[in-house]
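Commentary on secondary and tertiary structure
Residues per chain are reported as follows:
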Amino acid sequence: MVRAADQRAGRNGNELMAASSVDTAVLERKTALLYDNAVLSQAIAVVNAGLLTWVLSSQAAFAARLWLALVIVTSGWRLIQAHRYRLTRPTAEASAVWCRRYIAGAAVAGLVWSSGAAMFMAGGTAIEQLFTGFVMMGMVAGALPLLSPVVIAFQVFAVPIASAVAVVMFLQAQTPLEWSFGVMAILFLVGMLRSARGMHHTLDTSLRLACEKANLVTDLNQARETAETATRAKSEFLANMSHEMRTPMNGVIGMTELLADTHLDDEQREFVGIIKESAESLLAVIADILDYSRIESGQMSFEASEFDLLAELDGIEGMIAAGVRGKDLTFVCQRDPNLPARVVGDSGHLRQVLVNLIGNAIKFTHHGSVSLDVRCLECTSDRATIRFEVADTGIGIPTAKQSALFSPFAQVDASSTRRFGGTGLGLAIARRLVEAMGGQMGLDSELGRGSRFWFTAVFAIKPALLEGQPGQEPLFALERVLQDVGGDPEMVAIMLEGLRLDLPAACQRLAEALGEAQPERALREAQTIRSLAAGGGAAMLRDIVAEIEKCCTGGTMAQARDHLPRLHRALDLVMPEWQAYIESRGQQAAAPDRPQSP
C-alpha cells in the first residue's frame, strides 16, 4: 500500500509539473499576443484622442490639449515597453513580469481616458455628451479583441472609462435620454466584460490544447528515439555476435559428424542423428535472426560484382532438384531466352532469396509441382530488370493472412512453426534484400490452390567483350595468344584461323553427342573445346563447357543439353572478334617491310 501511495504521489507530482509547464507556456503565448497588438492599439488611441480634442476643444482648449499630450505620452511609453519586449523576447518564466507590466500600462491608459471622458462630458451639450460617450464606448469595444488574452488587462482599461461615462451622465441627468444613456453605458460595460471572458476562455482553451499537443509530440518523439536507439543497440549486438554464435554450433555439427563415423550401435546412431538435425535447425534459426539483425542495424553489405546469371540459375536448379528427390514433386525452371548471360549485382543475396522462396514452396507442397519462372521485363544496353516467380501447388495462404506475411516473425498459422519449422523471418529478410536490389516483392495465393511469390531485381550489364580491364579475364585476350606463339604475326594468324574452323565444328560435335545421349563422347568434345578456347582466353566458353562436363559426369544429360543455347551464344560472341583479329594480322603479314633508315 505504501508503494501504491508513492506511485500515486509520483503521478500527481508529474501531473502538477506538466500542468505548471502548460500554464507557463500559455501565459507566454498570451503575453506575446498582448505586445504584438500594442502598435495597433496605441495608434488607434492617439487617433481617437486627436479626433476628440479637435471636435470638443471649444470647451476647455488648454485642458483638452493637455489631455491629448498625456494620451500621447502614455501611448509612447507603452510602445517603448513593447519594443523592449520584442528585443528581449523573454523566457516563459519571465513572461509573468512582462504581463504585469502590460496590465499596469493598460490601467494607466484606462485612467487617462476616464479623465478625458469626465472632462469632455461635464458641462457639455447633449450632442457633445453623446459624441464623447460613443467615442469612449468605441475605445472599449476596440480594446476587447486586443486585450482579451488577459482578462484583467481589459478590465482595468474598460471599467474606468465606462464608469466615468455612466457616473457623469447620472450626475447631470435631467431628461429620460440622459438617464437612458447612463444605463446603456452600464449595460454596455457588463456585456463587454462577459464577451471578454468568453473570448479569453476560447483563446485559453486553444492555447492549452496547442501546448499540450506540442508537449505530447515532443514526448512521443523522445520515446520513439529511445525505442529506435534500443532497437539499434539490440540489432548491433546480435550482428556483432554472429561469429560467437555460429562458431560453437558449427563445432557441434562437426563433432556429431565425426561421432557418426565411429562404431555406434543403432540406438546411438539415431541419437547422433537427432543431435545433428537439431543443431542444424538451431543454426538455421540463428542465421535468420542474425541476418535480420544486420539488416535492421544497417550492417548488411551488398556486393556489385559481375556473375553469370544463367550459371547461377543452373546451380540453384541442381540444388533444388536434389532436394525434391524422394518427394511426390516435380521441379521446373523456365527461363526467358532473352535473359542477359552476365550481369552485375549481388549473386549471393539473389541466391538466398530464391532458395528461401523455393524452399518454402517445397516445404508447404505435399504433391504436385514447384516451378521457377525467370523473365526479362526490361533490358537496355546497361541495365536489366528481371522478374523471378516461384509457383507451387501447395496448401495456399488465406487472403486475410497475406498482408502480414512479410512482417517479422509472421506465420500463417500458429501451428505452422511446430509442423513445418522456421522462425517467420525468411520472407521479411527476403523482402528487405529484394528492396536493396532495387526491386519489389509480392504474392498471389488462394487457400488450397497453391501460391505464387514473385519479385523483381535490377542488375547492371557490362559489355560481353571486355578488353584489357584490370581484375577481369577478357573474353578474347590477345596478349595470351601472342605469348603462346612468341608474338609472330603469321603464327598468330595461323593459330586463330585454326580456332575459327575447329571450334564451331567441335561445338557441333558436342551438341550431337548430347542429343544422342553419349556422355563419354560429349566429355571428349568438351575437353577439345576447352583446349581450343584456352589460347583465346574465352573464359565464358570454358565456364559453360565445365558445367556441361559436370552434368555429363553426374549422368544428367538433360541438364547438359540445357546449356547448349548458352554455348552457341558465347560462340557467336567469340567468333567475330577472332575473325577481325585474323584479318588484321593477315594484312600485317602481307605488308612489305619498311626500308631501314641509313
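The following refers to the structure shown.

All right, on to the packing of helix α3 (residues 61-88) against helix α4 (residues 95-121) then. α4 packs onto α3 with a crossing angle of 165 degrees between their chain directions and a minimal axis gap of 10 Å. By the angle between their directions, the pair α3 and α4 is classed as roughly antiparallel. Where α3 crosses over α4, the handedness of that crossing is left-handed.

This next bit is on the packing of helix α11 (residues 347-363) against helix α14 (residues 426-436). Packing of α11 against α14 leaves a shortest axis separation of 10 Å and a crossing angle of 145 degrees. In terms of crossing hand, the pair formed by α11 and α14 is left-handed. When α11 is examined against α14, the residues His349, Gln352, Val353, Asn356, Leu357 and Asn360 are found in contact with a partner set consisting of Gly426, Leu427, Ile429, Ala430, Leu433 and Val434. Broken down by class, the residue content of the contact of α11 with α14 amounts to 7 nonpolar, 5 polar and no charged.

This brings us to the side chain of serine 451. Counting through the fold element by element, serine 451 comes out in strand β7 (residues 451-460). A relative accessible area of 7% means that serine 451 is categorised as buried. Looking at serine 451, its side chain comes within polar contact range of the side chain of serine 445, at 2.8 Å. Discounting residues that sit within four places of it in the chain, serine 451 has contacts with Val390, Ala391, Asp392, Gly396, Ile397, Asp444 and Ser445.

The biggest cluster of nonpolar side chains holds 50 residues, and the ones touching the most others in it are Trp67, Trp113, Met136, Phe154, Phe157 and Val165. For this core, the secondary structure elements donating two or more residues are α1 (2-36), α2 (38-56), α3, α4, α5 (126-147), α6 (151-172) and α7 (176-240). Once you skip the residues sitting within four places of it in the chain, phenylalanine 157 turns out to touch Ala106, Ala109, Gly110, Trp113, Met139, Ala143 and Leu147. With 42 residues, the next largest nonpolar core counts Leu329, Cys333, Leu372 and Phe455 among its residues.

Negative charge collects at one region of the surface, where Asp265, Asp266, Glu267 and Glu270 lie side by side. Counting through the fold element by element, aspartate 266 comes out in helix α9 (residues 266-296).

This paragraph deals with the packing of aromatic side chains. For the coordinates displayed, the defined rule picks out 10 aromatic pairs. Where tryptophan 67 meets tryptophan 113, the ring centres are 5.1 Å apart and the plane angle is 90 degrees; that geometry is what we call edge-to-face. Placement of the pair is tryptophan 67 in helix α3 and tryptophan 113 in helix α4, with a sequence separation of 46 residues. Of the two residues, tryptophan 67 and tryptophan 113, neither departs from the other in class, the shared state being buried. For tryptophan 67, a relative accessible area of 4% gives the class buried. Each residue in the set Tyr35, Tyr85, Trp98 and Tyr102 is aromatic and connected to the rest through ring pairs, giving one cluster. For arginine 78, the ring lying beneath its charged end belongs to tyrosine 102, and the centroid distance is 5.0 Å. Stacked on the ring of tryptophan 98, the Lys or Arg arginine 101 has its end atom at 4.5 Å from the ring centre.

Here is what the cut-offs are and how they apply
- Residues numbered from 1 in each chain as written.
- Predicted model: local features only at pLDDT ≥ 70, side-chain atom pairs only at ≥ 80, totals over all residues.
- Heavy atoms only, no water.
- Axes fitted to C-alpha atoms, helices over the stretch in contact; angles between N-to-C directions.
- Helix = DSSP H or I, 4+ residues; strand = E, 2+ residues; numbered from the N terminus.
- Parallel < 35°, antiparallel > 145°, perpendicular 65-115°, else oblique.
- Left-handed = near helix turned anticlockwise from the far one by under 90°.
- Contact = heavy atoms within 4.5 Å.
- Nonpolar A, V, L, I, M, F, W, Y, C, P; charged D, E, K, R; others polar.
- Buried < 20%, exposed > 50% of the residue type's maximum accessible area, 1.4 Å probe, protein only.
- Polar contact = N/O pair within 3.5 Å; in protein donor to acceptor, adjacent residues only side chain to side chain.
- Core = buried A, V, L, I, M, F, W, Y, C linked by side-chain atoms within 4.5 Å.
- Patch = residues over 30% accessible without salt bridge, like charges linked within 9 Å, V, L, I, M, F, W, Y side chains within 5 Å.
- Areas by Shrake-Rupley, 256 points an atom, 1.4 Å probe, with all protein chains shown as cover.
- Salt bridge = Lys/Arg side-chain N within 4 Å of Asp/Glu carboxyl O.
- Lys, Arg positive; Asp, Glu negative; His and termini not counted.
- Charge placed at Lys NZ, Arg CZ, Asp CG, Glu CD.
- Phe/Tyr/Trp six-rings, centres within 6.5 Å; stacked < 30°, edge-to-face > 60°.
- Lys NZ or Arg CZ within 6 Å of the ring centre and 35° of its normal.

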